[in-house]
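# Secondary and tertiary structure notes
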Amino acid sequence: MVPLKRRKVNCSVTSDSSGDRTSKFPGVVIFLLERKMGASRRAFLTRLGRGKGFNIEYSLSRSITHIVSENNSGEEVRTWLDLQTGGQGREGGEGRTARPGSVHLLDIVWYTESMHAGIPVIILDRHRLQEREKPGLELTVVSVPSYACQRHTPLLHHNTILTDALSILAENAELSENEGRGVAFRRAAALLKSLPQEVRGAEQLRGLPCLGEHSLRVIKEVLEDGVSHEVETTTHSEQFKAMKCVCVCVFQALTGIFGVGAKTADRWFREGIHTPSNLQRSGHTLNRAQRAGLKYYDELNLPVTKPEAVAIGQIVERAVHAVLPGAEMTLIGGFRRGKQTGHDVDFLITHPDEGREEGLMPKVVSWLEAQGFLLYQKTTGNSYLESKEGPARPASNMDRFERCFSIFRLSTDNEGREIQTGREIQTGEGPQTYSPTLTNTDPHTHSDTHPHSKTDSHPLPQTLVVVGDHAQKVSWVLGNSQCSGPRSWRAVRVDLVVSPYSQFAFALLGWTGSKLFERELRRWAIHEKAMTLSSHALYDRKRMQYLRASSEEEIFAHLGLEYIPPCDRNA
Ligand code: 8GT
Ligand code: MN
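The rules behind the values
Residues numbered from 1 in each chain as written. Chains lettered and ligands numbered in written order. Predicted model: local features only at pLDDT ≥ 70, side-chain atom pairs only at ≥ 80, totals over all residues. Heavy atoms only, no water. Helix = DSSP H or I, 4+ residues; strand = E, 2+ residues; numbered from the N terminus. Buried < 20%, exposed > 50% of the residue type's maximum accessible area, 1.4 Å probe, protein only. Contact = heavy atoms within 4.5 Å. Areas by Shrake-Rupley, 256 points an atom, 1.4 Å probe, with all protein chains shown as cover. Salt bridge = Lys/Arg side-chain N within 4 Å of Asp/Glu carboxyl O. Donors = N, O, S within 2.8 Å, 3.2 Å for Na, K, Ca; no water. Pairing = 2+ DSSP bridges. Axes fitted to C-alpha atoms, helices over the stretch in contact; angles between N-to-C directions. Polar contact = N/O pair within 3.5 Å; in protein donor to acceptor, adjacent residues only side chain to side chain. Expected span 1.5 Å × (residues − 1). pLDDT = per-residue confidence, 0-100. Phe/Tyr/Trp six-rings, centres within 6.5 Å; stacked < 30°, edge-to-face > 60°. Lys NZ or Arg CZ within 6 Å of the ring centre and 35° of its normal.

## Some thoughts on the overall build of the chain
Of regular secondary structure, the chain possesses 19 helices and 17 strands. Counting across all 571 residues of the chain, residues that qualify as buried make up 50%. If you take every contact in the chain between residues at least 6 apart in sequence, the share linking residues at least 24 apart comes to 71%. When the accessible surface of the chain is summed, it comes to about 26,200 Å², and 52% of that surface belongs to carbon and sulfur atoms.

## Describing the pattern of salt bridges
Tallied over the full model, the rule gives 20 salt bridges. The closest approach of N and O atoms between Arg-200 and Glu-198, which form a salt bridge, is 3.7 Å. Its relative accessible area of 35% is what places Arg-200 among the partly exposed residues. Here Asp-353 makes a salt bridge to Arg-356, at a shortest N to O gap of 3.6 Å. On the basis of relative accessibility, which here comes to 41%, the residue Arg-356 falls in the partly exposed class. Salt bridges sharing partners connect three or more residues here, namely Asp-344, Arg-403, Arg-493 and Asp-495.

## Observations concerning the coordination of the manganese ion (ligand 2)
Expected angles at a metal are 109.5 degrees for tetrahedral coordination by four donors and either 90 or 180 degrees for octahedral coordination by six donors. Ligation of the manganese ion (ligand 2) by protein atoms is provided by Asp-344 (OD) and Asp-346 (OD), these donors lying 2.0 to 2.2 Å from the ion. Summarising the burial analysis for this pair, Asp-344 and Asp-346 share the class buried.

## So, the sheet that holds strand E8 (residues 345-350)
A sheet is described by the order of its strands in space; here five strands give the open sequence E6-E8-E14-E10-E9, paired in mixed fashion. Two strands bound the open sheet, and with one partner strand each, they are strand E6 (328-332) and strand E9 (374-380). Neighbour-to-neighbour, the strand axes of this sheet turn through a mean angle of 25 degrees, independent of strand direction. As paired strands, strand E10 (residues 402-411) and strand E14 (residues 489-498) are joined by ten bridges and run antiparallel to one another. Residue pairing in the sheet places Cys-404 in a bridge with Leu-496 of E14. Across the sheet, helix H13 (residues 306-323) lies against E6, E8, E10 and E14, angled at about 30 degrees from E8, the strand it touches most.

## What to know about the environment of Thr-512
Structurally, the position occupied by Thr-512 is in helix H17 (residues 504-512). With 181 residues separating them in the primary sequence, Thr-512 and Leu-331 have C-alpha atoms 8.8 Å apart. Residues contacting Thr-512, with those up to four places away along its chain left out, are Ile-332, Gly-333, Gly-334, Arg-336, Arg-337, Glu-518, Glu-552, Pro-566 and Arg-569. A polar side-chain atom of Thr-512 sits 2.7 Å from a polar atom in the side chain of Arg-336.

## Quick notes on H13
For H13, which comprises 18 residues, the first-to-last C-alpha distance of 26 Å matches the rise-based estimate of 26 Å (1.5 Å per residue) to within 8%. Those residues of H13 not exposed but buried are Pro-307, Glu-308, Ala-309, Ala-311, Ile-312, Gly-313, Ile-315, Val-316, Ala-319 and Val-320.

## Quick notes on the sheet that holds strand E3 (residues 66-69)
In space, the four strands of this open sheet follow the order E2-E1-E3-E4, with parallel pairing throughout. The open sheet is flanked by strand E2 (55-57) and strand E4 (104-107), the only strands paired with a single partner. With direction set aside, neighbouring strand axes in the sheet form an average angle of 35 degrees. By the bridge criterion, three bridges tie strand E1 (residues 29-32) to E2 in an arrangement that is parallel. In the sheet register, Val-29 faces E2, and the bridge partner there is Asn-55. Each of E1 and E2 is contacted by helix H1 (residues 39-51), which is oriented at about 155 degrees to E2, the strand it contacts most. Here helix H3 (residues 108-117) sits on the sheet in contact with E1, E2, E3 and E4, set at roughly 80 degrees to E4.

## Considerations on helix H5 (residues 179-194)
Taking 1.5 Å of rise per residue, the 16 residues of H5 would be expected to cover 22 Å, and the 22 Å separating its terminal C-alpha atoms lies within 8% of that figure. By the burial criterion, the buried members of H5 are Gly-182, Val-183, Phe-185, Ala-188, Ala-189, Ala-190, Leu-191, Leu-192, Lys-193 and Ser-194. Buried-residue contacts for H5 involve helix H4 (160-175), helix H6 (213-225) and helix H18 (515-529).

## Notes on the confidence of the model for the chain
Caution applies to low-pLDDT regions: their predicted coordinates should not be interpreted in detail. For the chain, per-residue confidence averages 79 on the pLDDT scale, and 73% of positions sit at 70 or higher. A low-confidence stretch, residues 134-139 stays under pLDDT 50, and its non-local contacts, those more than four residues away or across chains, total eight contacts. Predicted confidence for residues 414-484 stays below pLDDT 50, and this span has 165 contacts to residues more than four positions away or in other chains.

## Here's the deal with the packing of aromatic side chains
Under the definition given, this model contains five aromatic pairs. An angle of 50 degrees between the planes, with centres 4.7 Å apart, marks the rings of Phe-25 and Phe-54 as tilted. Taken together, the residues span a long stretch of sequence, with Phe-25 in the segment before E1 and Phe-54 in the loop between H1 and E2 at a distance of 29 residues. Centre to centre, the rings of Tyr-539 and Tyr-546 are 4.9 Å apart; their planes meet at 65 degrees, and the pair counts as edge-to-face. In this structure, Arg-42 packs its charged tip against the face of Phe-31, placed 5.1 Å from the ring centre.

In structure tokens:
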């Protein structure tokens, strides 16, 4: 458990922390716990709630009725409260600053659902923070639905040690082209992610769905020994390391197509190609996408941060508005689910007048190229036609929207940590030190967009090292000679998708992910509802008709599912 610090409740974030604002819901006085939530998210959630007429207090007081926390267990919140109140009032007595015994201790899910409903929703068991009555390993019987799309799966959860282990085995299975085994591990991991508490003993898992024999064996081993032998062996296997290195980064990152990279990487592995530099020296003829993947290999391996995603969003928005005023753009993928980093940035573009979006992508790409923002791009046209599609088509992850796989050239200000939104970049998640800006000082110089372009003579960056804790400098090892110093840009993978307005809700749902959540939605649709779901449409096979929807909420309703907000789709 993270040690609890005695800490003053932060009252300084906003000046209007008094209780005299008018509330639409008298009797509901909410306190958002900053611990693990962070000050900025707390401020954001407070503004959101207040905008909807909720009474949200910044200080603990006896008027608080609901304490909402994120990623804290009931015990952690209880301990924190005791620290604030000096342990008084635990049994509902007269505490100085709060009434810990009578106040509702709730998970953030209750808050997000209430925000969505516009009223404080009824408190269900799953909203309450779980508290163990007494230390020990008593069984907690939790009833968990078996499809991930029926469950709330937050980004941060209680079982990371177990899910990390299962994810490694899933990745290994996928790299070995054993998709079925990969999915089984991913389903088991997704189940653990959705549990409201930490699993401490295998007995707690009795009766839960999605846990196959193999996954259970791994979980038990980790619970008992702290590690799984199979996971350890996999992590250290040369083949796993090499396949991950060559396959994931060079191919899958660019094509996004499962299997294509794995086959080639496997062949190359057997030829002795284990690293990108092996590949570069191998004399293999590479296609344009592979060359780009190789050239920007290290940077494409660096996580993309939220501020970088936001900065790229501003560039894309400028491009889109320049070529089609009135067009709308939405950040999708992992960032829409609340992730703070990603392997790429995904955007969905549409226009409220159906038809206006046709042919938009080449124009956006031309604009971006003219400004020097693209290092690589491959655009594919829209090949979806409902009349031709045929409802019998199997549900598929691949859609046929107008789409552009690209590598952006994002200018960076290596001297300062401020980006144009004025917020500081969080450096907690990896070696990210760039500060993205929109300044584009050097158009065309590094463009590899045109097949015959020979303008960029940088050799392959073999290692990218960040110097110092909050370093602003990046050193590049180029071949044998190391040159150190700030560079003014970095390469970032960006996916652009254009959808007709009538398909927008389906595209939004399909591209928000996670991949497993999407897979489970399609599985639910077909097996439980006899419907076919894709990123273009939903077809009811019994009634033999398409079901239209203009929002994600409507699609969930058609599917007979409770609405799950993007932040809870992290299965
Ligand atoms: P990340 O942080 O690693 O980027 O995580 P992500 O944003 O969740 O993953 P992603 O690989 O960027 O994919 C974003 C979402 O788009 C996923 O849910 C994935 O299922 C979906 N997706 C593709 N390709 C396609 C496709 O061709 N069609 C549709 N409908 N969805 C796709 O990755
Ligand atoms: Mn993504």
